[in-house]
Amino acid sequence: MKGYILLITPLLLVTAILISLNIFFQQSLQIEIAEDFNTQQLILAQTISTDIKEYLVYMKEEAVSLSHIASKMDIKSKQEFEWLKYDVIGIKGPVKSDIGILRDDGKVIFYDGDRDILNQISKQLVSKAKSTPLGRSALIETLEIIYFVSPVNSSGRIIFLSINSHVLANHFLSSIQSNKKGNTWILTGNGNLLYHPTKPDMAGRNIYSTDNTCFQCHRSFEFEKAVIEGNANNKGKGIDPSEDERLIAYSKVEMDEISWTIFLSANYSNVIHITEKSMKLYSYLILTILLTTILVSAALFIFNKKRLMTKELEIRQENMNRYAKDLEEQVNEQTSKIAREREKLSTILNAIGGGIILIDKQGKILWANEMIKEIFKTEVAGKYCEELWTDCDISSTYAKDNIETTIISLKNNKSLQMITAPVKDEQGQVYRYIRLIQDITEMKKMEEQIINSEKLASIGRLAAGIAHEIGNPLTSIFSYIQILRELEDDKFKKESIETIYFHIKRISEILKQLSGFSKMPAIELKACQVNEVIENSTRLIQYDKQAQNIVIIKELADSLPDITVDLNQLSQVFINLILNAVDAMLDGGRLTVRSYAEDNNIVIEFEDTGVGIPREKLHMIFDPFYTTKEKGTGLGLAVSYNILKKMNGTLTVDSEPGKGTVFKITLPINGSEGKDIKNAI
């Protein structure tokens, strides 16, 4: 053993010396690389600042030239101004600039840029123009705009140019390819952030008035403050929020009132990452040699020890073989019993009418019977319950013998009733949960239909009373307003009467719809082809102005059987749904109309790509007077629902905000059902 120690000790000492030398040389190399990189950043920053300064000088010269040319012209109209701008001057440059003309009292004569900003600084422009000698131009900077103003010309007008400072900065800095964590930004002389490539929403913020959102890219702004105040070198280091050093170089652009500082930075770790890789490789090599030496020594030691233990292991192995044989026989016997009990339990659970799952406290499904697969149409074992429904809530505590019952809704409009019971271990602690899940979708639909029917019946009776009580006095008011329209000549009174007339007419239209809602016309049933009704309805809509940008796609099944319906009222339902889809796609879109047979019914779907309806509001859209339109009455869908109900049909909706809406109509194929409806009516 002592010989092994004397052999290993010198090897460990030599390895430690090699590692120390490697670290020393690597640090020296990293410092040199970082200095060279920062110098290159400084040169790049100086080049950019020179380019920006030269462009500002060029724009000042353009302002002088523009003033000289404009002083010889008498610009009185917008056309002459455009002619001056494009045909005479033809202002060029990498950044878009706007021309403006002011009177010496500050009033704007012509300007294509933002007049709100100009009005705030027009007096300052006039003052600057009056103090600027002939043949020169002055420069004024606001938070967003730079103005190049020339002196007042002989006609008492001031010619100026303007450019957006953010666009100017973006032009000169956007092409710079920084490394993974590098950045470029510009600060004004008073500390305002003028440009940032990765945080454009931070533009306008000031480093002297910061909050937590300002420290996403910077640990502090002490270096930037020192630069602005003139107390820093032209390059240096800073610390970012990840505790990594940053190499920073800067250069200033100073002209007239403008004082910009252009900063270029890169993470120290990204600059020196190449040397780190070589260091790691060299360190791995040394460690490999060290570990090899240790392993060889350990192998020799273990070999001698194993030789002494071999006989003892042989004796133990014989005993273990005998014990293992006995244990295997006992395990096989118990396994057979467990398999029989498990098969019995599985048969019982699969025979139950609902789905059953076993989940742990984290919501992971450990076991499920066959009925669960039919409910969710997928294999659920091994998944988390949040993958099947979003509001999966696992209670942390339960009272003794407490069972919870909840009802949830899935994205496919299925409703499920869940009964949850805890499973406790030997210490009485809950560690599993059993859930019985039953599909109650059809039951919920029947409840909603009954509620809608009761609401429509009540609203119908209320609508009839309102239409009668309001209609008579409204007719008298409407007649007098029409007489006043013809007699009144005063402009203000006539406009006021027109406004009253418009709103009374709108009230009248609403009352007509109320009356129509409360007194649905008798249904005239006859056999028809649903595809023909769809074709006629879409043909009526295609000439509507709002439908010009809508692409209508018809996916109509061939050879559909006839259905017994009221042709006119069914067409009214189709047109109402198409118009609703058009209103939901003001910027254009696609409306897909489908028809097909399903379970002895004809199904018609209207699918649009509009704004969609929030899921929490879907249950209200068939309520009378509920609408999301500015000029809607909220009766269209209620009337359509009532019409389809009288034809023994259904109307359902599925929607998702931002993706569109699907209205689904189901009508029975069997003509005898239509006769029963007629008799019932």
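Residues numbered from 1 in each chain as written. Predicted model: local features only at pLDDT ≥ 70, side-chain atom pairs only at ≥ 80, totals over all residues. Heavy atoms only, no water.

Visitor: Go over the nonpolar core with me, naming the residues and quoting the values.
Guide: Ranked by internal contacts, the top residues of the largest apolar core, which has 40 residues, are Phe574, Ile604, Ile665 and Leu667. Per-element accounting of this core gives the leading share, 7 residues, to helix H12 (residues 567-583). Among all residues touching isoleucine 665, those that are not within four sequence positions of it are Val573, Phe574, Leu577, Ile602, Val603, Ile604, Phe606, Leu644, Thr650 and Leu651. Membership of the second largest hydrophobic core comes to 34 residues, among which are Ile52, Phe148, Ile262 and Leu264. (Core = buried A, V, L, I, M, F, W, Y, C linked by side-chain atoms within 4.5 Å. Buried < 20%, exposed > 50% of the residue type's maximum accessible area, 1.4 Å probe, protein only. Helix = DSSP H or I, 4+ residues; strand = E, 2+ residues; numbered from the N terminus. Contact = heavy atoms within 4.5 Å.)

Visitor: Now, about the sheet that holds strand E2 (residues 108-111): what can you tell me, with residues and values included?
Guide: Strands in a sheet are paired, the pairing made by backbone hydrogen bonds, and the direction either parallel or antiparallel. Here 5 strands make up an open sheet; going across it, the order is E2-E1-E5-E4-E3 and the pairing antiparallel. Taken across any chain shown, the strands that pair with only one partner, and hence form the sheet edges, are E2 and strand E3 (138-141). In this sheet, adjacent strand axes meet at a mean angle of 25° when their direction is disregarded. As defined by bridge partners, strand E1 (residues 97-103) adjoins strand E5 (residues 157-164) across 7 bridges and the pair is classed as antiparallel. Each bridged residue has a counterpart across the sheet, and for isoleucine 101 the counterpart in E5 is isoleucine 159. Its contacts with the sheet place helix H3 (residues 115-130) against E1, E2, E3, strand E4 (145-149) and E5, and it is angled at close to 35° to E4. Running at roughly 50° to E5, helix H4 (residues 165-173) makes contact with E4 and E5 of the sheet. (Pairing = 2+ DSSP bridges. Axes fitted to C-alpha atoms, helices over the stretch in contact; angles between N-to-C directions.)

Visitor: Explain the sheet that holds strand E19 (residues 589-598) to me, and be specific about the residues and the numbers.
Guide: Across the sheet, 5 strands lie side by side as E17-E19-E20-E22-E21; this open sheet has mixed pairing. Only two strands of the sheet have a single partner each, and these edge strands are strand E17 (550-556) and strand E21 (650-656). Averaged over all neighbouring strand pairs, the angle between strand axes comes to 15°, with direction disregarded. Pairing geometry for E21 and strand E22 (residues 660-668), over 7 bridges, is antiparallel.

Visitor: Now, about the pairing of strand E12 (residues 365-368): what can you tell me, with residues and values included?
Guide: Across 3 bridges, strand E11 (residues 355-360) lies against E12 in antiparallel orientation. Across the sheet, the residue bridging to isoleucine 357 is alanine 368, located in E12. Where E11 hands over to E12, the hairpin turn is made up of 4 residues, of which glycine 363 adopts a positive phi near 90°.

Visitor: Outline the packing of aromatic side chains, listing residues and values.
Guide: The description of an aromatic ring pair rests on the distance of the ring centres and on the angle between the ring planes. Evaluation of the coordinates by the stated rule reveals 7 aromatic pairs. Arranged with centres 5.2 Å apart and planes meeting at 5°, the rings of tryptophan 185 and phenylalanine 263 form a pair that is stacked. Remark: phenylalanine 263 occurs in strand E10 (residues 258-267) and tryptophan 185 occurs in strand E6 (residues 183-188); sequence separation between them is 78 residues. Its relative accessible area of 3% is what places tryptophan 185 among the buried residues. Among the residues examined, phenylalanine 263 registers a relative accessible area of 0% and is labelled buried. One aromatic cluster is present, built from ring pairs that chain together Tyr55, Tyr58 and Phe172. Note that arginine 322 overlies the ring of tyrosine 323, its terminal NZ or CZ placed 5.3 Å from the centroid. (Phe/Tyr/Trp six-rings, centres within 6.5 Å; stacked < 30°, edge-to-face > 60°. Lys NZ or Arg CZ within 6 Å of the ring centre and 35° of its normal.)

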